[in-house]
Each structure stands twice: as C-alpha cells, then as structure tokens.
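Examination of the molecular architecture
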Amino acid sequence: MLSVRALNTEYRTGRGATLRAARDLAFEVEKGKFFTLLGPSGCGKTTTLRSIAGLERPLSGEIAVNGRVVYSSERNIFVALNKRNFGMVFQSYAIWPHMTVFENAAFPLEVRGSLARKAVRDKVMAVLSAVALEDLAEREATKLSGGQQQRLALARAIVMEPELLLLDEPLSNLDAKLRERMRFELKRLQRELGLTTIYVTHDQAEALALSHEIAVMNEGRIVQIGSPRTIYERPRDRFVAEFIGNSNFLDGVVAGADNRAGFWRVRAKVRELVAFSDAPLQQGAPVTLSIRPENVELSEIAPEGEANVFAGTVDSKVFQGDFVDFQVAAGGIVLLARAHPSLRTPVGDAIHVRIDPEKCVVLPGPA
Amino acid sequence: MAALDHASQSSHREARTAFDPQWGIIGLCLVVVAWLALVPLAFLLWQSFLTPGVADTPAAFTWLNYAKVYTSVETFRLLGNSLAFAAGAAALSLAIGTALAWMNERTNTPFKSLIYALSVVPLVIPGILFVAAWIMLASPKIGVLNLLLQRAFGTDRVFFDVYTLPGMMWVDGIQHAPVAFLLMSAALRSMDPSLEESALMSGASMFQVARRITLKLAFPALAASFLILFVRSIESFENPALLGLPVGIQVFTSSIYEALHAYPSDVGLASTYAITLLVITSGGIFWQSRLATQGTRYATVSGKAFRPRTMDLGRWRYAAGAFFLVYAALVIGLPFLVLVWSSLQRFYSVPSLAALQNVSLYNYAAVLDYPNIGTAVWNSIVLSLSTATAVMALTAVIAWLVLRTRIPGRWILDNVVSLPMVMPGLVIGLAIMICYLALGGGIYGTVWILLIAYMTRFLPYGMRFNSASLLQLHKELEESAALSGADWLTTFRRVVLPLLKPGLIAGWIYIVIVSIRELSSSVLLYSPDSQVLSVVLWELWQNGQYVQLSALGVMMMAALFVFVLAAQAFGRRFGVRDV
C-alpha cells in the first residue's frame, strides 16, 4: 500500500538553519493498517509524515502509494500535494475559523467540484454523524471545544475518502481524560473504515493503544519496527526499552546457554539470572538486562523451585492508587518494582524478588 | 464558606493597601496623565463654541463656528479632499506593503534582507524631507525626473506632477508602505500555516486556497491595517502643506494651519475643523480596534515551530526581486540622492556634468552658521530625551495599574492614555495652544509647552511598549517579591522595572526618534527662543532655501541613522528585539 524507500529529508528550524532529519528511511504499510511513527522530538518523524503528505520536498528517496509513485528523486517525480488525495489531521487541527462546521467538512468535496450539492450534503452529514457532530453542523467552527475541533478535523480528512490518512500528533492538544476517550474513538473509526493510517506521536501509550505496527525512530533512523507487543516486550536495544515504558537495566556477562532454546544464563551483580534473547550470544560478552517494573514480582514468602529468585529489602515505596511502586535494594543494586496495592510490606523489611526468565530481556552491550 | 473567607481576606488586603504611600506615586501619575490627555481637549471643545476674541470685545459663546463650517460648500470640498487623499494613500501603501509582506513571508524572493532595512526608513527620514525630496524629483518645473525625461525625449511634456491629488497620494503612499509591510507581516506570521496546508491537502488549488482561505482569514487584518493607514494619512500635515496648499488642494490639517495663520487668525474655525477631524479619526480607530478583536479570534497559534513552506515563484522570483529593488529606489535611493545632490549645489540645479563643477560644501557651512541652529539642536536633543524618559516612566506605572490591579474603572485610564492616538499632531498643538493661552502661567512660547505637547502625543506609544512587555511578565514574579517581604516601591523598582527593561529601552529609543522628527505640533507652538530642528527645516522650506534645507536634512538623517544603528547594537545587548 504505502512504501517508503531510502527517504532522506531535512528540517529547517525557525532560525533558518537546516538540519538533517530522516536518514535512509524505509518501511512498508499494508492496506487498512494503522502504522505509527514513534520517537522523541527531533527524530524526524514529522518531516517524514510531511514528506508523505507532500508538504515537504525530501532530499532523496521514493514514496509510492498503491503502486502510484508520488515522489521519486531518481525519476524526478513530485506529485503536488493537492493532487495526492491524502487526508491529514494537523496538530493544531487547522479548522478554518471563518466557516461553519459543515462548510469545513464540505470544503474538500467542494473544491473538487465533481459532486452535486445533494450528494455533497449527504456525504458530509454521513461523515459528521460518524464523528458525532451532525447536530452541530451549522455551528461556527470557532465555537467548538477542543475535542469537537479534533473530531471535525478528522471528519474533514476522511470525507473525500482518501487513499491515506495522515495524523500529526492529533491528540497532543487535548487534556488527559479527553485524550484517552479520543483514543478509543479514533481506533474504532479507523478499524471500521479500514483506512490506511500513518500516525505520528511522541506518546508511547498512544502508539501502543492504537497501532497495528509501530516504527520507533531515533535520530532520523528507524530503530525497530514491530507490533505494539513486540516493541514493548522484546525491545531491540536500550533506546527502545527506555523510550517505551519504564525499565530496570542490569549489567551482566553471558555465562552460557540455558537448557531451553533462546534462554541464556547471565551473571548479574545480584546473582546469575536466566534471561531471553532472540539473537545468539557469545559466552563472556557484556550485556544489559532489561526488566519492566511490573515483571519484578514481589512476595513476602520466598517462592520455591523457581528460577531467578533472590532476596532484598524495601528501600522506599510510593502509593499510586491502582498500584504501588517499590524500590527494592538487593546485592548492591536498586530495582523498581510495580506491585498490587494489597502488598503492604513496610520500608526496611525483607522481601523476595522473582523475575520470569521470559520477561528478562537481554540487550546487546553494557548498560 | 471557603469562598467567603477568601473574599473577606482580599477586601482586608485592599483596605490595608489603600493607605500605603504607594498611592502617592500612583495618584501623581494619574493626575499628570489625565491633565495631559484631557484638559487641552476640553479647551479645544470649548474654543470651538467661541467667537474670535478681539482686543475690545471678549469672546462669547456661539454655534456660529459649527453653523458656518457645516453649511459651507468649502467644507464638503475639504472633506472630499481629505477622505480621497487618505483613502488613496492608504490603499496604495496597503497594496505595496501587503505585496512586500507576502513575498517576504511566503515566497523565495531574492533580496529579502533589504526589506527590513526599508522598514526603518519612515523612522529616520523626517516627513518634511521625504516630501521635499519628492518635490525635487517630480515637480513639474524643477523635478529631476521630469527634466531628465524631457531632455531624453526632447519634449516639454510634464511626466510627473506631485502638486495634484494623485501626486499627494503617491508620495504619502510610498512613504508609509513600510508601516503596512510591518502590520501585514505580523498578520501573516500569526496565521497558522496549517490552515493553508490543510486546504491544499483537501485538494484545493493554489488559487482556491488564496481566495477561499488566505484572503478570507487575512481580511480583518487587511481592513484594520487600512484604517490605521487611513487615519495616519488624514492626520498627515507635511504632505498636504507642501504639496496641496500651493495649488489650493486643501485638506483638514492644512486648513487648520491656514485658519491659524490667516490675519486675523480664526481659532474658533480651526477648532471646529479640528473637532471634525477628531470625529473622523476616532471613528477610524474605534472601527479598527473592533476589527482587530475579530482578527485575534481568527489567529490560531500553532503548537509547532514549523515555518510555513516558502512558495517557489520560479521565474517570477526575478520579477518579485525587481519589485523590491524598484521600491527601495523610490523610497530610499532617489530621495536620498536628490537631497545629497541639492545639498552640494549653491543654487539648485538639475544633475548634469556642468553642475558637477559647482559641487561645494557651502550649504553645510551656511546651515551651521545659521543663527538659531545651536539652540535648535540643543532644544531638539533635550526635548527628545526628556520626553522619552518621562513618557516611559509615566506609562510604566499606568500600564502596571491597568494590567495588574483590580481598581474599578482602570479601563477608563487605559482609554485616557490611548486617547492622544486619535489626535493628529496639529490638533494636539492647537488644543495645547488654546489651553495654555487661556490658563496663562508663562508656559506658552517656551520649550516647556513643546515638552507637554510631545509627552501628550507620544503617551500612547509608551503605553503600548510598556503594556506589551508587562503582559509577558508573570504575575507570580511580583507576588513572590511581595511574599519575600518587599513593599510595593521595592517590588516595582527591583523586580518590575528591571524585567521591563527591554521594552522600556525599545520604547525610549522609539520616542526619542519620533520626538526629533515631530513637526505638526511644534509648528503651532514654537517661538524664536524655542526652535527645534524640525521647525528649522520647515522655515528653510518656507523661505525657499531648498539647498540649505537639503544640507541640514542630510546631516539630520545621518545622525538619526547612526543613532538607530547604535541603539540597535546597544539594545541587542539588553535583549531588545527590535526598535
């Protein structure tokens, strides 16, 4: 569906300086999928999206949608953005303040001029009711709340049945509660309409919640592409593990393969641990272990007959309502553990730690 | 209950602060501002209902001034001329300024840096010099452009004539296009570029985007800018006085001047004209401020620092670059060159090889020997420095009062300080003249009356600079100073003023410059002892000493230019962004 090859872009700052953004970027998105470009600010994700949209002219590379090449530096093709037929929701929504809700949503159909008035009206009302704005059709666009503006921007982007829907951090201007609700809305709409969607965000929770596939970007390159679960549970390197969620990082040295395939014995400071690795490891190689706080299992009674068990003491804890964060000191390190609030071990008391070998991920290189 | 507690607490606090000595300073500022802005206006209104007082018959109340003015055909011609002149000049400068702003902000036109140099021009070239320069360029008899073209084509046809209504519009319009440029650049910059981008994404063509999005969104800004320029032009004095009066094209400002300089002078008639002019300018400014609020409703600031895409003009960029260069030549190049040329000629003559033999610095020497020149320079410097200092100090307190306190009626104060904005310089001069002639006290005819006039005239500028920077200042900075135990005066002196410094300096520099150029108030208030530089220019023009006027003008522009450069360099060190 969408294929991006060897894309290189640059970014002009407000002060006129030019910075390199995307470097040799390549990815494919299948039809109907929700694909997210995730990364910290300045990683090149927005310039990549704007290049797909046609708002920026890349330095080099090729972009094709459904086999139609919209940009190719080699063949000197650059399809003008108003001929690409992509829908886009901007971070600021870009709702035209001098038009009503209806006029905003009807604009893409009107400028094409191929539909009769009645047909335009029907289509616009259908799309407005899909985003639950049909009752506000005649309202001035500036009178809408943030969430309504966001939905109108979405309606305007999909009314012309675009080949590709581009979303540039559309939820970042909403408050936290509304943002969570809009996540569900957006996901439902995208799945129902089956629109191929490219989404740009720096918010890992949004990316995990919405996407079929996530590309994590750093310094202009894609570090890892995969399903939300893969990205979260099997980060390829420390950057991915750190950027998405929280993680404990332990230094270790490979002691040897364990008896099950994919599992390795790693000597860490606290004790020897059994950990998982996709890639084969060299004995004696320095590695980093990444363990999510919710996978650090705590109990007051020592678990028996299990791997990766050791003892520690509660260093401090923070009650967060739906969970409790414990800092556990063990063997000269401090581990962050996320536990159920029913665990009430006081600070200073002994506590037992168990880590599921499957959730103990080996990353290359020392921490 | 909690709300009640809070309310009673805050009323306690206000009751306590009501007796603080801070109110001494604040009260003084209030009185000074009200005196400056309101009292002369009241006298002007009063005068417009009086018969001219002659030696033996005292002035008496009358409707006659208004009756005479509003039943006279002359007035309607005057009104027609004024409106046509102002509208034409405003339309021309808006058209040029908008084109420049759009090319500069949204396209890849070459010579972009030139445009910012241009925007300083109306600041450093005093109005009278610009008009004089254009007379030397395009008057039918001595205009260089006419003579050169006539020589080239061997005819005696007049190609350009500035002594006409279109000529007046042309000179005023190109002179103030940089103002329009600054206004429209600000408007374009505050417009979220994604509004245009999303229209393109929707499949609209360039033309559809320009017509249905850009132009519609920019409309409030365009209309508001037009009104600002319109009011500016209808207030302008130098242009109608130099270009209109000699050929009998009268507008309000030049008629006020004539009524006062006729014998016997008709102050009542002048006041009636002034009041009429005030009604027009107030209407314009009121309408403008309403449009501006509509404009801010449209202005959505995007969260991202993405610069709008600059449009590739292709081959048209050379045409656009040429437009820049031609405009630069019209607004700086030609006027400056013609002034320099004529300043070097003992008797004015058209540029030629023969005339090149006569180049001398005679006029510079003559101007420096001019009897009053020392006094005039000294007066101008002292007046501009003291006006700027007094206005910035005064308006800092007023801006603080308006923006930071909850004193009931503070919006009235805001309006009082901004009131002189609708008053043309000539009207301020007239009102102050009437006021201090009536009150006596020996101020009339001294430099003090000029100081009062300048302070009145530039109060709104000071207020704008101060309130803009105070708005950016978080209130908590003051509150934490107060919590640390500082009293109001200490907080103001140690926290507010230092943080306002960039705005204070920028405003101060601006007011120094506009005070030095000020002519339209000064021309009614000066006396031989209280001459200032702009008045010397005016007198040289009246006496027909064009070549010496040029010499003084060139020196003045050079001095102002050096001052602006020095101020910008100095200001940058203190974080002043622009002057």
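Residues numbered from 1 in each chain as written. Chains lettered and ligands numbered in written order. Predicted model: local features only at pLDDT ≥ 70, side-chain atom pairs only at ≥ 80, totals over all residues.

**Some points on the overall build of chain B**
The helix and strand tally for chain B stands at 26 helices and zero strands. At 26 Å, chain B has a C-alpha radius of gyration in line with the 25 Å of a compact globule built from 579 residues. Dimensions along the principal axes, computed over C-alpha positions, put chain B at roughly 95 × 80 × 50 Å. Expressed as a percentage of its 579 residues, the buried residues of chain B come to 43%. Of the contacts made within chain B by residues no fewer than 6 positions apart, 78% connect residues no fewer than 24 positions apart. (Helix = DSSP H or I, 4+ residues; strand = E, 2+ residues; numbered from the N terminus. Rg over C-alpha atoms; globule rule 2.2 N^0.38 Å. Buried ≥ 20, exposed ≤ 12 C-beta atoms within 10 Å, placed from the backbone. Contact = placed C-beta atoms within 7 Å.)

**Details of the overall build of chain A**
Tallying secondary structure elements over chain A gives eight helices and 23 strands in all. Dimensions of chain A along its principal axes, counting C-alpha atoms only, are 75 × 50 × 40 Å. Within the span of chain A, comprising 367 residues, buried residues form 39% of the whole. For chain A, the proportion of contacts with a sequence separation of at least 24, taken over those separated by at least 6, is 64%.

**Some words on the domain arrangement of chain B**
Residues and elements named next belong to chain B. Domain annotation for chain B reports domain 1 (63–301 + 315–360) and domain 2 (362–579). Computed from C-alpha atoms alone, the centre-to-centre distance between domain 1 and domain 2 is 24 Å. Taken residue by residue, the interface counts 35 residues in domain 1 and 32 residues in domain 2. Elements with a contribution of two residues or more to the side of domain 1 that touches domain 2: α6 (121–124), α7 (127–138), α12 (238–244), α13 (252–261), α14 (267–298) and α15 (316–343). When residues of the side of domain 1 that touches domain 2 are assigned to their parent elements, the largest contribution, nine residues, is made by α14. The residue inventory of the side of domain 1 that touches domain 2, partitioned by class, reads 23 nonpolar, nine polar and three charged. (Domains from an automatic or database assignment. Nonpolar A, V, L, I, M, F, W, Y, C, P; charged D, E, K, R; others polar.)

**So, the sheet that holds strand β8 (residues 77–78) of chain A**
In space, the five strands of this open sheet follow the order β4-β1-β6-β7-β8 (chain A), with antiparallel pairing throughout. A single partner strand is all that each edge strand has here, and the edge strands are β4 (25–29) and β8 of chain A. (Pairing = 2+ DSSP bridges.)

**What about the sheet that holds strand β12 (residues 213–218) of chain A?**
Residue and element names in this part refer to chain A. Across the sheet, which stays open at both edges, the six strands sit in the order β9-β10-β11-β5-β12-β13 with mixed pairing between neighbours. On the outer flanks of this sheet lie β9 (86–89) and β13 (221–226), each paired with one strand and no other. Shown here is a sheet whose adjacent strand axes are inclined to one another by a mean of 20°, direction ignored. Relative to strand β10 (residues 164–168), β9 runs parallel, the two sharing four bridges. Paired with M88 across the bridge in β10 is L166. (Axes fitted to C-alpha atoms, helices over the stretch in contact; angles between N-to-C directions.)

**A short note on the packing of helix α18 (residues 373–404) of chain B against helix α23 (residues 488–517) of chain B**
All names here are of chain B. For the pair α18 and α23, the least separation of the axes is 8 Å and the interaxial angle reads 140°. The angle between α18 and α23 places the two elements in the oblique class. When the axes of α18 and α23 are compared, the crossing they make is right-handed. Counting all contacts with α18, which are made through S380, L383, S384, L385, T387, A388, T389, V391, M392, A396 and W400, the residues of α23 involved are V496, L497, L500, L504, G507, W508, I511, V512, S515 and I516. (Parallel < 35°, antiparallel > 145°, perpendicular 65-115°, else oblique. Left-handed = near helix turned anticlockwise from the far one by under 90°.)

**Considering the domain arrangement of chain A**
In terms of domains, chain A is made up of domain 1 (2–239) and domain 2 (246–364). Computed over C-alpha atoms only, the centres of domain 1 of chain A and domain 2 of chain A are separated by 39 Å.

**Digging into the pairing of strand β6 (residues 60–65) of chain A**
Residues and elements named next belong to chain A. The alternating pattern of β6 places G61, I63 and V65 on a buried face and S60, E62 and A64 on a face that is not buried. Where strand β1 (residues 2–8) and β6 come together, five bridges link them in antiparallel fashion. Note that in β6 the partner of V4 across the bridge is I63. Examined bridge by bridge, β6 and strand β7 (residues 68–72) share four bridges and lie antiparallel to one another. By the bridge assignment, A64 is partnered in β7 with V69.

**Concerning helix α4 (residues 146–158) of chain A**
Residues and elements named next belong to chain A. Counted at 1.5 Å a residue, the expected span for α4 with its 13 residues is 18 Å, and the 19 Å between its end C-alpha atoms agrees. The buried count for α4 comes to 10 of 13 residues, which makes it a mostly enclosed element. By the burial criterion, the buried members of α4 are Q149, Q150, R151, L152, A153, L154, A155, R156, A157 and I158. On the buried face of α4, the contacting elements are β9, α2 (101–112), α3 (117–130), β10 and α5 (176–193). (Expected span 1.5 Å × (residues − 1).)

**Examining unusual backbone geometry**
All names here are of chain A. Despite not being glycine, D24 shows a phi value in the positive range, around 45°. Note on placement: D24 falls in the loop between β3 (18–20) and β4. With 13 C-beta atoms packed within 10 Å, D24 lands in the partly exposed category. Of note in this structure, N66 is not a glycine but carries a positive phi near 50°. With respect to the helices and strands, N66 occurs in the loop between β6 and β7. Judged by the 12 C-beta atoms lying within 10 Å of it, N66 is exposed.

**Describing the confidence of the model for chain B**
Residue and element names in this part refer to chain B. Per-residue pLDDT for chain B has a mean of 83; in total, 91% of the residues score no lower than 70. Confidence scores differ between elements of chain B, with helix α1 (residues 2–17) showing the lowest mean pLDDT of 42 and α12 the highest of 93. Here residues 1–18 is modelled with pLDDT under 50, and outside its nearest four sequence neighbours on either side it reaches zero contacts, counting other chains as well. Reported for the predicted complex are a pTM of 0.80 and an ipTM of 0.80. (pLDDT = per-residue confidence, 0-100.)

**Structural notes on the environment of R238(A)**
Residues and elements named next belong to chain A. For R238, the position within the fold is in helix α8 (residues 238–243). Counting along the chain gives 58 residues from R238 to E180, while the straight-line C-alpha distance between them is 28 Å. Residue contacts for R238: discarding those within four places in its chain leaves F249, T288 and L363.

**Some thoughts on helix α22 (residues 475–483) of chain B**
Owing to its 3.6 residues per turn, the α-helix aligns residues three or four sequence positions apart on the same side. Along α22(B), only zero of the nine residues are buried, which leaves the element largely exposed. Directly beyond the C-terminal end of α22(B), a positive phi value near 105° is found at G485(B).

**Let's talk about the environment of P162(A)**
Residues and elements named next belong to chain A. Topologically, P162 is positioned in the loop between α4 and β10. Along the primary structure P162 and M88 are separated by 74 residues, whereas in three dimensions their C-alpha atoms are 9.1 Å apart. When residues no more than four places from it in sequence are discounted, the contact partners of P162 are N85, F86, G87 and A157.

**Some words on the pairing of β12(A)**
Each regular strand shows side chains that alternate between the opposite faces of the sheet. Residue and element names in this part refer to chain A. In terms of strand pairing, strand β5 (residues 34–38) meets β12 through four bridges, oriented parallel. The residue of β12 that forms the bridge with T36 is I214. In the sheet, β12 pairs with β13 via five bridges, with the strands oriented antiparallel. Note that in β13 the partner of A215 across the bridge is I225.

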